[in-house]
Each structure stands twice: as structure tokens, then as C-alpha cells.
Amino acid sequence: MKTIKYSKITPESVYKNRRSFLKKLGFGASTLALSSIPLVNNGLAKDRNELTSYKDITTYNNYYEFGTSKGDPYKNSQTFKTSPWEISLEGEIDKPIKLSMEEISEIFLSEERIYRLRCVEGWSMVIPWLGFSLSELLSKVKPTSKAKFVEFESVYDPEQMKGQRYPVLNWPYKEGLRIDEAMHPLTTVVTGLYGRKLPNQNGAPLRIFIPWKYGFKSAKAIVKIKFVEKMPMSSWMWASPREYGFYSNVNPNVNHPRWSQATERIIGEGIWAPRVKTLMFNGYGDQVANLYTGMDLKKNF
Amino acid sequence: MKKYLKPSIFFLSSLPFIFIFYKIGFNKLGPEPVKEITHFTGEWTLIFICLTLSMSPLKKITNISVWINFRRMLGLFVFFYATLHLLTYVGLDYRFNWQPIIDDVVKKKYVFIGFAAWLLLIPLTITSSKKMMKLLKNNWKKLHRLVYAIAIFGSLHYIWLSKTIFFKPLTYFIIIVVLLLFRIKIKKKEVNYG
């Protein structure tokens, strides 16, 4: 079941403009010469909405709980135990509840959702997730009037998670959203990808995915969702508040001190492929821009 | 025996280049090849900076002067790998699209200091020949002390671009500081000997 169509991933107008901006990127003469080689030319012409390979999605991960290199999560997570698993909803709600993975897969129907993942480091993938809207899960509880934000907490298990033995971040990993962001239909609870069970290195058994925000906002292996009154302090805000804001919406106009956010590299495109322009809200502006009307997104980065 | 020393060092120093060329050719660089090449050439630049700076301390420690014969070649390899590093960034990554590159140099301090280090390497490369050495006389030594600044800039470049893991960049920084401290010691000794 595919509810999000390809054409929706990138607004059609943007898609059509792609060729013109490729020209505008202003290749040097060497690139022009290279593009006359058929093989290289193919690399340049590849569609930015083409699915990233299963191999790249599952072997190139940022998941510091399993190590800080991109290949570490795949290497170090294979024996990670994801069952039994429970997720608790608590905080500013009438009645806290706990749900097991079995209950979750019984209650909620996962569907295929193809979204682009844009990492804050300046690369992107297109991933066919399996999942359902977080709003469905959150509607199982009744928030009090104080509830303004939700905080996601990932599992803390240094026995199994090598990376947590080092103070790279303040474990357990924490992330957060404003309630209206969390209730947005695009905000997804992920249970799998490519039609299969979610691999451990991608955040099994359950992770969040927010398509219009940088990848680190999408917490993996979550065990707790807490409703809170005050804006939660995420792990990355704690590590470097100057670089990582609470909102972290994909925004080509707000520079990161170390990486260009104006452009991105598409994973799997190969060595000769050019960077492509990063889209505001990662291309999901039509659906989410209204969440931020009247807000200065440069200040609230 | 001595005849083969320099060519051997030249060959060994070229190995990283051959290695990365092989990896590009056989598509062994993973999902983000451009980043891999950038990091690879950047790290080897730092390694060659450390090697270049190790020669005169080694001479002092071992009391063998042969080390100094390798210094120029190693220094030129610093320039070689630094230039590959810069070209990867400017050419392969940004396609000679100058606007974002200029933005980077101005706005990001790690790019700024990295670029500054590369610029400083140019006069050292130009004046590396024996002819130039004779021509510049005492000034040559003064000029080539620039390498100390380049080394510090290079390691700061690495520290500033790192996300949260500072182990490797700090290791290079410490090695470079230790190598520079050697110089101070050596100088004092020379003074003592009168």
C-alpha cells in the first residue's frame, strides 16, 4: 500500500526545474568534457528521487550508540536484542500507558512511505520506510493542558551498545518535537524499510522519522515518549547549542558552521555526480510550512 | 645502499596516492566517495607535515644527519597531498563553483585556516630548491619557519571541522606541538654549547 506517491516527494515544479538548476550550478569546463562520456553522463542524469539502494541505507548510518563511523552501526548492531521491547507514553497525560512491540504491530497498520532523508552533514537518501503516523500512537493517550512538547528517549544499554560506553553524547539519546509537529501526518513511526523488518542499524525495533527535519531529529530505538510543558533539550543541543537548534528544519538558507546546507550529495550517485540544491523543508514545504507561519526560522533554527 | 634511500622514500610517499587512485578506479570508496577522498588526502597531508617536522629531531636524537636529506622531499609531498585535498574540495566537490567556495572560506573558520595553510605552502614550495636556498641565504631559514605555522593551522583545521569526536584531530595536534617543542629545546642547547 503506497499512500505517498513519488510525485509528492518532490513538488512537480521543483522536479521540472531540476535540469535548469543543474546548469546553473555552473560546471567547469572539465565537467562538461566529462559529461560527454556516456557512463559519466548517466551518473549526472540520475533522478534525485530514485530509491537509495538497500545496501547503502543499511550500511551507511549515523547511530553513535553503535560507534561513530558510518560503518559501525551495521558492524556492531547485528546481535542487538530488540525483543522484548516496550514503549511507554508518559508525562503530561491523564493515564500513562505502556505498549509492547507485539501490541503496536497489532494495533497500527504500517504502510510504505517513501521519504527523503537529509542528514545535517550534507548528504541525502531516499528511503522506502514502513510505518504509520505518530499521531495515531499519540491519540491513544489524553494530554493535559500543560502538554506543549513531546520528548523521545532512545534506549540506554551500554552492555549492548558499544558507543554508549563513551561520553560522545549525553546518553540516552533524546529528541523532541512541538506537539503540532508530532501530530503532523508526515511524522512517522517507522517499523521497517524496503518491505522488511527494520534492521537494527536503522533504529529497530521502532524509530521516529520526520522527513522535513535533519536526520538527527529522528530518534532511533525509542523506549519512551514523554509529554512535557517546556521545550526539551535534545542530545545534540546539549552537545553544541550553537550548531544544533531545537527545530532543525532542513533549510538551505541557514548555514551550519561546518557544512554547506545549500546543497547536498545524493548517496550512491558516485564520484562524478554533482551536488544538488537542498530544498526548503527537504521538499515538504507544501505540507509543513504552515506549522511555522510568523516564525523567524533563522533564529529558530 | 645510500643511493636507493631517496627513491625508496619517494616510492613509499607515493603509496597513499596510488592507493586512492586504485580505490577510485575500482569504485571502492563507499557511498560518499568525494568525502572519502577529501578526508584521505587531508589526513595524509597532516601525516606528511608530521614526518617533515620529525626529521631534524631525529637527527638530534640519533646523531645521524641523513634524515635531513629527506626533509625537502617530504615537504614537497605535503604540498602535493594538500593540493590534491584542495582540488578535491574545489573541483570534485564544488565543481569550481566559486560562490559557495568563497562563502565557505569567509564564513567557516576551518576552511579559512585550511586555505591559509595551503597558501603559505606555496612560497615554501617555490623556494625549496638548492638554488633558491643559496639565493636566499639566511632568509631561507627564516622563511621556512613558516612550516611551524602551517602545521598548527593544519591541525586546527582538523579540530575545528570535527563534530564531537576529537580523539584523532587532538592526537595530530599533540604530535605537532611536541615536534615544535623539540625545536625550542634544540635551540636552547645550541645556545648553551655557545
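Each value, and the rule that gives it
- Residues numbered from 1 in each chain as written.
- Chains lettered and ligands numbered in written order.
- Predicted model: local features only at pLDDT ≥ 70, side-chain atom pairs only at ≥ 80, totals over all residues.
- Helix = DSSP H or I, 4+ residues; strand = E, 2+ residues; numbered from the N terminus.
- Rg over C-alpha atoms; globule rule 2.2 N^0.38 Å.
- Buried ≥ 20, exposed ≤ 12 C-beta atoms within 10 Å, placed from the backbone.
- pLDDT = per-residue confidence, 0-100.
- Contact = placed C-beta atoms within 7 Å.
- Pairing = 2+ DSSP bridges.
- Axes fitted to C-alpha atoms, helices over the stretch in contact; angles between N-to-C directions.
- Expected span 1.5 Å × (residues − 1).
- Nonpolar A, V, L, I, M, F, W, Y, C, P; charged D, E, K, R; others polar.
- Left-handed = near helix turned anticlockwise from the far one by under 90°.
- Core = buried A, V, L, I, M, F, W, Y, C linked by C-beta atoms within 7 Å.
- Bend = angle between axes of the 7 residues up to and from the residue.

### What about the overall build of chain B?
Looking only at helices and strands, chain B has 9 helices and 0 strands in total. Reading the secondary structure of chain B in the N-to-C direction produces α-α-α-α-α-α-α-α-α. In summary, chain B has a C-alpha radius of gyration of 18 Å against a globular reference of 16 Å for 194 residues, a match within 12%. Along the longest, intermediate and shortest principal axes, the C-alpha atoms of chain B span 55 × 40 × 35 Å. Burial analysis of chain B (194 residues in total) assigns 28% to the buried set.

### A short note on the confidence of the model for chain A
With 85% of its residues at a pLDDT of at least 70, chain A reaches an overall mean of 86. Confidence over residues 5-45 of chain A falls short of pLDDT 50; this stretch has 39 contacts with residues more than four positions distant or in other chains.

### Details of the sheet that holds strand E10 (residues 222-228) of chain A
Residue and element names in this part refer to chain A. Pairing is mixed in the open sheet, where 5 strands are placed in the order E2-E1-E10-E5-E6. Each of the sheet's edge strands pairs with one partner strand only, and the pair in question is strand E2 (97-100) and strand E6 (174-178). Looking at each pair of strands side by side, their axes are set apart by 20° on average, direction ignored.

### What to know about helix H8 (residues 146-161) of chain B
For H8(B), built from 16 residues, the straight-helix expectation of 22 Å at 1.5 Å per residue is met to within 8% by its first-to-last C-alpha distance of 23 Å. Every buried residue belonging to H8(B) is among Val147(B), Ile150(B), Ala151(B), Phe153(B), Gly154(B), Ser155(B), His157(B) and Tyr158(B), and all of these are buried.

### Quick look at the interface of chain A and chain B
Across the contact, 23 residues belong to chain A and 18 residues belong to chain B. For the side of chain A that touches chain B, the residue count by class is 12 nonpolar, 8 polar and 3 charged.

### Comments concerning the packing of helix H2 (residues 33-62) of chain B against H8(B)
All names here are of chain B. Put simply, H2 and H8 touch, their axes get as near as 10 Å, and they point 145° apart. Pair H2 / H8 crosses with left-handed handedness. Here Thr-45, Leu-46, Ile-49, Thr-52 and Leu-53 of H2 come into contact with H8, specifically with Val-147, Ile-150, Ala-151, Gly-154, Ser-155 and Tyr-158. Taken together, the residues of the contact of H2 with H8 break down into 7 nonpolar, 4 polar and no charged.

### Comments concerning the nonpolar core
If you look at soluble globular proteins, the nonpolar side chains tend to sit buried side by side. One finds Ile127(A), Trp129(A), Val150(A), Ile208(A) and Ile222(A) to be the most contacted residues of the largest nonpolar core, which totals 49 residues. When residues in this core are grouped by element, the largest group, 5 residues, is from strand E4 (residues 123-133) of chain A. Sequence-distant contacts of Ile222(A), that is, excluding residues within four places in its chain, are made with Ile87(A), Phe152(A), Glu153(A), Ser154(A), Leu206(A), Arg207(A) and Ile208(A). In terms of nonpolar packing, the next biggest core, distinct from the first, is built from 33 residues, Trp44(B), Phe48(B), Ile113(B) and Ile176(B) among them.

### As for the pairing of strand E3 (residues 111-118) of chain A
Residues and elements named next belong to chain A. In the sheet, E3 pairs with E4 via 8 bridges, with the strands oriented antiparallel. Bridging across to E4, Leu-117 finds its partner in Met-125. With antiparallel pairing between neighbouring strands as the criterion, E3 and E4 make up a hairpin whose turn holds 4 residues, including Gly-122 at a positive phi of roughly 95°.

### Examining helix H1 (residues 2-25) of chain B
Because an α-helix packs 3.6 residues into every turn, residues spaced three or four apart end up facing the same way. Residue and element names in this part refer to chain B. An ideal rise of 1.5 Å per residue puts 34 Å on 24 residues; H1 measures up with 35 Å between its terminal C-alpha atoms. Of all the bends found along H1, the most pronounced is centred on Leu-15 and spans about 35°, while Pro-16, a proline, follows it within four residues. Where H1 is concerned, the buried positions are Ser-13, Pro-16 and Ile-20. On its buried face, H1 sits against H2 and helix H3 (68-93). Where H1 ends, the next residue or the one after it, Asn-27, has phi of about 55°, a positive value.

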